[in-house]
Amino acid sequence: AKLIENGRAVAISIAVVIVLLTIPNAIDSYRIFASFPPHSYISDTEMKTLEHLRALPSGTVLALPINPVPGHENQLPRPLYNMYDTAYVAAFSGQQTYLNDLVQLRLTGIDYQKRLESVKTAKCETLNEIEYFYVAGDQAQLIPWQKCQGKSIQKIFTNDESSIYLVTTETPNQ
């Protein structure tokens, strides 16, 4: 009986230590998420685009930009698409993305370098692997992709902040 009581006391002590160790992390997390103004946001306008993307048939989405546009580092809050690379397009649209959240890919050991290089250089072969472009912010990001032969990029939804483009294979007129 004494051994059981000692074991129970040790278990309670360990649980108390674990709870005490989580307090600094909880305080830091609260401080980050409760700050005003927030560091980043998704506007209602962009949410409408993401909702439209959710309603489309399933497909792989290439979300641009991959890297934030420089020059806005001190502006708070910043649009999430211009903050850092995240998987928010996949999270809010429910669609699979071609390349997102490079930090997480690196941490989990996923080899993403070929895809990253393909996107950075706008290799036309990439268009064979995606059905949609999601472009937030500067729509000129799409210009390098429009040079690709045999593929058509058609705007299917747009608003002031973001657009969705459908990638289709061109068929020659007969």
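What this report covers is the structure whose coordinates are included nearby.

What counts, and at which threshold
Residues numbered from 1 in each chain as written. Predicted model: local features only at pLDDT ≥ 70, side-chain atom pairs only at ≥ 80, totals over all residues. Heavy atoms only, no water. Pairing = 2+ DSSP bridges. Helix = DSSP H or I, 4+ residues; strand = E, 2+ residues; numbered from the N terminus. Disulfide = S-S within 2.5 Å. Buried < 20%, exposed > 50% of the residue type's maximum accessible area, 1.4 Å probe, protein only. Contact = heavy atoms within 4.5 Å. Salt bridge = Lys/Arg side-chain N within 4 Å of Asp/Glu carboxyl O.

In space, the 5 strands of this open sheet follow the order E4-E2-E5-E7-E6, with mixed pairing throughout. Unpaired on one side and paired on the other, strand E4 (96-97) and strand E6 (151-158) mark the two borders of the sheet.

This part is about the state of the cysteines. Evaluation of the coordinates by the stated rule reveals 1 disulfide. Disulfide pairing places Cys 124 opposite Cys 148 at an S-S distance of 2.2 Å. Between Cys 124 and Cys 148, the S-S dihedral sits near -90 degrees, and the bridge is therefore left-handed. Of this pair, Cys 124 sits in the loop between helix H5 (113-120) and strand E5 (132-136) while Cys 148 sits in the loop between E5 and E6, placing them 24 residues apart in sequence. Cys 148 sits in the buried class, given a relative accessible area of 6%.

This part takes up the environment of Tyr 81. Mapped onto the elements, Tyr 81 comes out in the loop between strand E3 (78-79) and helix H3 (88-93). With residues near it in sequence (within four places) discarded, Tyr 81 still touches Glu 46, Pro 65, Tyr 88, Ala 136 and Gly 137.

Another aspect to go through is the pattern of salt bridges. Going through the model one piece at a time under the given rule, you end up with 2 salt bridges. Where Arg 31 meets Asp 28, a salt bridge forms, and the shortest distance between an N and an O atom there is 2.4 Å. Here Arg 31 pairs with Asp 28, and both are found in helix H1 (residues 2-33), just 3 residues apart, close to one helical turn. The class of Arg 31 is exposed, set by a relative accessible area of 54%. The exposure class of Asp 28 is partly exposed, given its relative accessible area of 31%. Residue Arg 115 is joined to Glu 129 by a salt bridge in which the shortest nitrogen-to-oxygen separation is 3.8 Å.

Without other data, these values stay purely geometric and don't point to any function.
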